[in-house]
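Per-entry structural report
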Amino acid sequence: MYKARAWLSRSFTALSSNPLRVCVVGSGPAGFYTAEKTLKAHQEAQVDIIDRLPTPFGLVRSGVAPDHPETKIVINQFSRVVQHERCSFFGNVTLGSSVSLSELRQLYHVVVLAYGAESDRALGVPGEDLIGVHSAREFVWWYNGHPNGKNLSPDLKSTDTAVILGQGNVALDVARILLRPTEELATTDIASYALTALEESSIRKVYLVGRRGPVQAACTAKELREILGIKNLYVHIREDDLIKSPTDEEEMKNSRIQRRVYELLSKAAASASSQPMSGQRELHFVFFRKPDSFLESNERSGHVSGVHFEKTALKGGGPGKQYAVGTGEFEDLDCGMVLKSIGYKSVPVNGLPFDNHKGIVPNIRGRVLKNMSGDSSQVENGLYVCGWLKRGPTGIIATNLYCAEETVASISEDLEQGVLASSSGLLKPGREGLLQLLDNRNVRPVPFSAWEKIDSEEKRLGSLRNKPREKLTTYEDLLKVAT
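Before going into details, it helps to say that this report is about the structure given with it. Here the structure is a predicted model, which means the values were calculated and not measured.

1. Examining the packing of aromatic side chains
Under the criterion given, the structure shown has nine aromatic pairs. Cluster of aromatic residues (ring-pair linked, three or more members): Phe32, Tyr33, Phe57, Phe78 and Trp451. One cation-aromatic arrangement involves Arg137 over Trp141; the distance from NZ or CZ to the ring centre is 4.5 Å.

Rendered as structure tokens:
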């Protein structure tokens, strides 16, 4: 149990005899912002953050692209939160197997589920299970050294063409990693095995395919500008795809982001040469196409060899409400790898209602509801959600700040109104009870002090290769260094 026991007994006696005991499940942005807001709002609250990984920070560590170090600076703020005397982090603790939700609710006055989205939406089209068809999430985990992503081993050698379904920021991230010169990636914290695979990659053409048009592209101007700025990159956009309807014009008037994205795409199309030069890498933006099926290779049984697309047209109400419908016209696009970037999906928890369509736990301002009825009187007292599990997989890191503020405001209201067990004076074992339960089950939690050992070792290994860090990418290595 490392030094957790000794530290615990010191800090426990320093606190009120019956502090508000809060457990946050998930140590990504939603979890850390919830902890920070709770510590500020409740001067005697004791907050424990648990995570199934030995490492904290969630998508900031395993989702943010390695060539975006500035986005990861928020880790410094999160580290200050967990170093607060009333806050603790325990990694390597899995909800469900290490400890159940009902046990956490018995141990703590408040449980906040903030564990994000660790699965993917399915397209539901034939051939989705062919070798070479991956989710963008899996690919991101792979190049970011997530311990569950190391074994993906995407085949980057057998094809020169990759198709990415989706045009949001994650889609642009994976396209950029595939196309960016590897010498530029070599000085980032990309996983070393991923860098080696990209250095040996045969992929020269990447197609970013969207169901709707350029006005509806889901990326931000910043991400788009970055990928268009890759050195020696040929960019192709069909001129016909850039034709705007009156509804598109109205949509652009109402959204500065969509206007900037469209302008950048138009400029890229206008300034592009008619043909790529020899050896030049290519980025193709394809609009108004939806996948109908994935094609199996004749030469390599079970492997993907292309995508069968249906052409689409926009229908629907006014600006912002246009949706893609099939036209009955089809075309094939040959490729040896497909990355589906059509949305992350949260995983349900045993004994908790779950909206499979939205991928969220039904809630009202973060208060978990007992069922799908939406009846605000049917709440699970003491149980809350924050982040993607609360609102769906949308937004940037900072979106979770406002999301956490709302959830913590609901906790405060419930405390004031006597809804929570703490306000009735009911003692809960909290951290002591959790550590005892984990000890009984031979679960070895990784406290923040042990994460700091991992952090130091990764930075040491990185310095040997002129990288900010060399991530440890297996549970075995992470836990060995943490001990």
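2. A short note on empty space enclosed by the protein
Applying the stated rule across the entire model yields two cavities of 30 Å³ or more. As a volume, the largest cavity reaches approximately 60 Å³. Around the largest cavity, the lining residues are Leu53, Thr55, Pro56, Gly58, Arg61, Ser62, Asn144, Gly145, His146, Pro147 and Lys471. Split by residue class, the lining of the largest cavity holds three nonpolar, six polar and two charged. What lines the second largest cavity is simply Gln167, Leu172, Ala217, Cys219, Leu224, Leu265, Phe285 and Phe287. Of the residues assigned to the lining of the second largest cavity, the class counts are seven nonpolar, one polar and no charged.

3. So, the sheet that holds strand β18 (residues 379-385)
Strand order in the open sheet formed by eight strands is β16-β17-β18-β4-β1-β2-β3-β19, with mixed pairing between adjacent strands. Edge strands, defined here as strands with exactly one partner in the open sheet, are β16 (363-364) and β19 (446-447). Across two bridges, β16 lies against strand β17 (residues 367-369) in antiparallel orientation. Within β17, the residue paired with Asn363 across the bridge is Val368.

4. Points about the pattern of salt bridges
Applying the stated rule across the entire model yields 35 salt bridges. The partner of Arg300 in a salt bridge is Asp155, and the shortest N-O contact between them spans 3.5 Å. Of this pair, Arg300 sits in the loop between β11 (289-296) and β12 (304-316) while Asp155 sits in the loop between α6 (136-143) and β7 (161-165); the two residues are 145 residues apart in sequence, bridging distant segments of the chain. Classification of Arg300 by relative accessible area gives partly exposed; the value is 36%. You can call Asp155 partly exposed: its relative accessible area is 32%. The salt bridge involving Glu249 is made with Lys244; its shortest N-O contact spans 3.7 Å.

5. A look at the sheet that holds strand β9 (residues 233-237)
Taking strand neighbours across the sheet as the criterion, the six strands line up as β6-β14-β7-β8-β10-β9 in an open arrangement whose pairing is parallel. The open sheet terminates on both sides in strands that have one partner only, identified here as β6 (133-135) and β9. On average, each strand axis in the sheet is tilted by 20° relative to the strand beside it, whichever way the strands run. Bridge analysis of β9 against strand β10 (residues 281-286) gives five bridges, and the strand direction is parallel. Note on β10: the bridge partner recorded for Leu233 is Arg281. Packing against the sheet, helix α7 (residues 169-179) makes contact with β7, β8 (205-209), β9, β10 and β14 (337-340), and its axis sits at approximately 175° to β8.

6. Observations concerning the packing of α7 against helix α10 (residues 221-228)
With their axes 10 Å apart at the nearest point, α7 and α10 run at an angle of 15° to one another. Looking at the two axes, α7 sits roughly parallel to α10. Seen along the crossing, α7 lies across α10 with a hand that is left-handed. Residues Asn169, Leu172, Asp173, Ala175 and Arg176 of α7 lie in contact with α10, whose contacting residues are Glu223, Leu224, Glu226 and Ile227. Looking at the contact of α7 with α10 residue by residue, the class counts come to four nonpolar, one polar and four charged.

Rules used in this analysis
- Per-chain numbering applies: the sequence of each chain, read as written, is numbered from 1 onward.
- Local features in a predicted model are, by the rule used here, given only for residues with pLDDT of at least 70; side-chain atom pairs are given and counted only at 80 or more, and totals for whole chains, interfaces and linings are based on all residues.
- Hydrogen atoms and water are omitted, and side-chain values are computed over all heavy atoms in the structure.
- Working definition: rings of Phe, Tyr and Trp (its six-membered ring) pair if their centres are within 6.5 Å, and the pair is stacked with planes under 30 degrees apart, edge-to-face with planes over 60 apart, and tilted otherwise.
- The criterion for a charge sitting over a ring is simple: Lys NZ or Arg CZ within 6 Å of the ring centre, and within 35 degrees of the ring normal.
- Using a grid of 1 Å spacing that covers the protein atoms alone, one calls a set of points a cavity when a 1.4 Å probe fits there but cannot get out, and a pocket when the set is open and has protein on both sides within 12 Å along at least five of seven lines; lining residues are those with an atom within 4 Å of a point.
- Grid points are joined across faces, edges and corners, and a volume is the space filled by probe spheres set on the points.
- Any residue outside Ala, Val, Leu, Ile, Met, Phe, Trp, Tyr, Cys, Pro, Asp, Glu, Lys and Arg is labelled polar, Gly included; the first ten of those are nonpolar and the last four are charged.
- At least two bridges found by DSSP between two strands are what make those strands a pair.
- Numbered from the N terminus, helices here are DSSP runs of H or I no shorter than four residues, and strands are runs of E no shorter than two.
- Salt bridges are defined by distance alone: a side-chain nitrogen of Lys or Arg within 4 Å of a carboxyl oxygen of Asp or Glu.
- Only protein chains enter the accessibility calculation, which uses a 1.4 Å probe; a residue is then buried when its area is under 20% of its type maximum, exposed when over 50%, and partly exposed in between.
- Helix axes use the C-alpha atoms of the stretch in contact, all axes being lines fitted to C-alpha atoms, and the angles between their N-to-C directions lie in the range 0 to 180 degrees.
- We call two residues in contact when some of their heavy atoms are within 4.5 Å.
- For classification purposes, angles smaller than 35 degrees are called roughly parallel, those larger than 145 roughly antiparallel, those between 65 and 115 roughly perpendicular, and all remaining angles oblique.
- Each helix crossing is assigned a hand: it is left-handed if the near helix lies turned anticlockwise from the far helix by less than a right angle, otherwise right-handed if that turn is clockwise.

Interpretation in functional terms is not warranted from these geometric data alone.
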